[in-house]
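Coordinates in review
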Amino acid sequence: MAEPQDTKSKTERDHHSKDIDLVDRDPRRINEDSIKVDFEDVIAEPAGIHSLDSTWKASFTAFTVSKYWCYRLLTALLAIPFSIVWGLLFASLSFCHIWAVVPCIKSHTIEIQGISRIYALCVHTFCDPLCDALGRVLGSVNLVLRKET
């Protein structure tokens, strides 16, 4: 039975307009271990050698604010172009995988089945009797090791 036009267009629209979480922007934790750029992870003064407290506080503020605004500026300028580039790249990879890689693998699998049957037949015909005979001959050999002093 055909799907009503309203339902079909709604499901297609829903597929492309996914709700996104503006609070948790890394739900799969792909950048949890790779990007640690907090002040304490980059700059640390060991015990016994400390700068002035006011310098430490000012450095912390300068680092944090500059990192925050630099990231914001870069994403405002480059996030959309990069998203387009990555979208095109992953679309191309998907296209190649769907229309080239999988069909080639499937074709190779089908073609190799005949060759593998011939290969198995040759191995069972020629190699199995030879290996069986060698096994019987060498199976009766006994080695005795003696240590002479």
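About the cut-offs
- Residues numbered from 1 in each chain as written.
- Predicted model: local features only at pLDDT ≥ 70, side-chain atom pairs only at ≥ 80, totals over all residues.
- Heavy atoms only, no water.
- UniProt positions renumbered as here; feature names shortened; annotations may be inferred.
- Helix = DSSP H or I, 4+ residues; strand = E, 2+ residues; numbered from the N terminus.
- Buried < 20%, exposed > 50% of the residue type's maximum accessible area, 1.4 Å probe, protein only.
- Lys, Arg positive; Asp, Glu negative; His and termini not counted.
- Salt bridge = Lys/Arg side-chain N within 4 Å of Asp/Glu carboxyl O.
- Polar contact = N/O pair within 3.5 Å; in protein donor to acceptor, adjacent residues only side chain to side chain.
- Contact = heavy atoms within 4.5 Å.
- Phe/Tyr/Trp six-rings, centres within 6.5 Å; stacked < 30°, edge-to-face > 60°.

Per an unreviewed UniProt entry, the protein carries the name Caveolin and comes from Erpetoichthys calabaricus. What UniProt states about the protein under its Sequence similarities (unreviewed entry) heading is, verbatim, "Belongs to the caveolin family."

Concerning the UniProt feature "transmembrane region" (unreviewed entry) in the protein
Those places that UniProt annotates as "transmembrane region" (unreviewed entry) correspond, in this numbering, to residues 73-100. Its end C-alpha atoms 40 Å apart, residues 73-100 is made of 100% helix and 0% strand.

A look at the side chain of Asp 26
By the secondary structure assignment, Asp 26 is in the loop between α1 (5-16) and α2 (39-42). We note that Asp 26 is buried and unpaired, the nearest opposite charge coming from Arg 29 at a distance of 5.2 Å. Looking at Asp 26, its side chain comes within polar contact range of the main-chain nitrogen of Ile 30, at 2.9 Å. Discounting chain neighbours no more than four positions away, the residues touching Asp 26 are Asn 31 and Glu 32.

A few points about unusual backbone geometry
One non-glycine residue with positive phi stands out, namely Arg 29, at about 55°. Looking at the element boundaries, Arg 29 is found in the loop between α1 and α2.

Quick look at the pattern of salt bridges
Summed over all chains, the structure comprises three salt bridges. Residues Arg 29 and Asp 24 are paired through a salt bridge, measuring 2.9 Å at the closest nitrogen-oxygen approach. We classify Arg 29 as partly exposed; its relative accessible area is 41%. Two residues, Lys 67 and Asp 38, come together in a salt bridge whose shortest N-O distance is 3.7 Å. Of this pair, Lys 67 sits in helix α3 (residues 53-139) while Asp 38 sits in the loop between α1 and α2, and the two are 29 residues apart along the sequence. Look at Lys 67 and you get partly exposed, because its relative accessible area is 32%. Taking the relative accessible area as the measure of exposure, Asp 38 reaches 42% and is therefore partly exposed.

Things to note about the packing of aromatic side chains
Taken as a whole, this structure holds five aromatic pairs when the rule is applied. Consider the rings of Phe 39 and Phe 60, whose centres lie 5.3 Å apart with planes at 90°: the pair is edge-to-face. A residue pair is termed long-range when its members are at least 10 positions apart, and Phe 39 in helix α2 and Phe 60 in helix α3 qualify at 21 residues. When its relative accessible area of 3% is taken as the criterion, Phe 39 is described as buried. These aromatic residues form a ring-pair network of at least three members: Phe 39, Trp 56, Phe 60 and Phe 63.

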